[in-house]
Amino acid sequence: MFESVVPSFTALVRQITTAELRNTPRDTSSTANLIQPSFPLLSLPLELRLQIHRYLCPNVYCDGLYQTPKVLRTDGVVCSPSIFLINRQLYAEVREEWYGHVYYRARIHPTGFHLHGCVWSLYRELPRTLGYIKNLDLEVQLESPGSMLWATHRKEPIGLYCCTEFLEKCARDGRMDKLRKLKLGFGVSSACLEYYRDRIGDLRADLEREMKGLRGLKGLAEVQFTGTWQGCALHNILPEETSRSSATGTLHAMTKIMAGFVDELAEAIRG
């Protein structure tokens, strides 16, 4: 029975768009042959409902920061957020499945907090979505101050962009209470490399100060260091000109210090 129900139910929900549910009555004639009469989903045991929900939710990690991916499933089918709008009970059940199994990539950057194509100010209300995510791939941009930062007269550390308040707010407001797995990496600009070339001994203290909000997290099952990156490069991959330059030694030293910091952090916040 279950094998026949899942395809029918998922096909029906995928035809219901968010706009249709919110604004206009839907012509059910095209889907009447799928389930006749309507299927009593809520009468199923919770374990079976959750298995059905998983056919509608993301099941693969997408490495995209600047746009929301259209497909987050191995079968190539577009996910179905319309199910969030059916009723409150299904909303709560689907939310756990939607945000509970795959990694979501995010970045803390001078321009704000980046998450799946959206950007939030570091100094305003935290994104509600952050409170649902259980597996987070977080990248923090290290940056030396430019002319725009100096013009603000903010008393910030020279080596790191100041994200202390944001991380502390996340822990204090409980927006990361559901987090169970954390990947943590750091972005390094050319100016940052130059700054730490002669100040490498200051990096660990700067990391401790800026990342102290993460120490408010507890009970994590896994914490990993994902490496360093520069610009839009992928983890552990730097532009060729940087790799050939004398900054390579500084970068390696910084990476070693960062890895040690994340390892020590992992011991403190793992459950």
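Residues numbered from 1 in each chain as written. Predicted model: local features only at pLDDT ≥ 70, side-chain atom pairs only at ≥ 80, totals over all residues. Heavy atoms only, no water.

Looking only at helices and strands, one finds 10 helices and six strands in the protein. Here the protein, with 271 residues, has 45% of them falling under the buried criterion. When contacts within the protein are restricted to residue pairs at least 6 apart in sequence, long-range pairs at least 24 apart make up 75% of them. For the protein, the exposed area adds up to about 14,100 Å²; of that, 54% sits on carbon and sulfur atoms. (Helix = DSSP H or I, 4+ residues; strand = E, 2+ residues; numbered from the N terminus. Buried < 20%, exposed > 50% of the residue type's maximum accessible area, 1.4 Å probe, protein only. Contact = heavy atoms within 4.5 Å. Areas by Shrake-Rupley, 256 points an atom, 1.4 Å probe, with all protein chains shown as cover.)

Moving on, we get to the packing of aromatic side chains. Evaluation of the coordinates by the stated rule reveals eight aromatic pairs. Seen in terms of ring centroids, Tyr99 and Tyr104 are 5.5 Å apart; in terms of plane orientation they differ by 40°. Their pairing is tilted. Classification of Tyr99 by relative accessible area gives buried; the value is 13%. Relative to Trp120, the ring of Phe113 lies with its centre 6.3 Å away and its plane at 45°, an arrangement referred to as tilted. (Phe/Tyr/Trp six-rings, centres within 6.5 Å; stacked < 30°, edge-to-face > 60°.)

Once that is clear, we can look at the confidence of the model for the protein. Detail in the predicted coordinates should be disregarded across regions flagged by low pLDDT. Averaged over all residues, the pLDDT of the protein is 76; the fraction at 70 or higher stands at 69%. Averaged over each element, pLDDT in the protein is lowest for helix 5 (residues 147-151) (41) and highest for strand 5 (residues 181-188) (93). Confidence drops under a pLDDT of 50 for residues 145-159, and excluding neighbours within four residues, the segment shows 20 contacts in the predicted structure. The low-confidence segment residues 232-238, where pLDDT is below 50, has 17 contacts with residues more than four positions distant or belonging to other chains. (pLDDT = per-residue confidence, 0-100.)

Let us look at the pattern of salt bridges. For the structure shown, the criterion picks out 17 salt bridges. Ionic pairing is found between Glu97 and Arg54, a salt bridge with its closest N-O pair at 2.6 Å. Of this pair, Glu97 sits in helix 4 (residues 88-100) while Arg54 sits in helix 3 (residues 46-54), and the two are 43 residues apart along the sequence. Take Glu97: its relative accessible area is 5%, and that puts it in the buried class. Within the structure, one salt-bridge network assembled from shared partners comprises Arg204, Glu208, Arg215 and Glu264. (Salt bridge = Lys/Arg side-chain N within 4 Å of Asp/Glu carboxyl O.)

The buried fraction of strand 4 (residues 135-142) is high, at eight of eight residues. Where burial is concerned, the two faces of strand 4 agree: the one with Asn135, Asp137, Glu139 and Gln141 and the one with Leu136, Leu138, Val140 and Leu142 are both buried. By the bridge criterion, five bridges tie strand 1 (residues 104-109) to strand 4 in an arrangement that is parallel. In the sheet register, Ala106 faces strand 4, and the bridge partner there is Leu138. Here eight bridges tie strand 4 to strand 5, and the two strands are oriented parallel to one another. By the bridge assignment for strand 5, Leu138 is matched with Leu184. (Pairing = 2+ DSSP bridges.)

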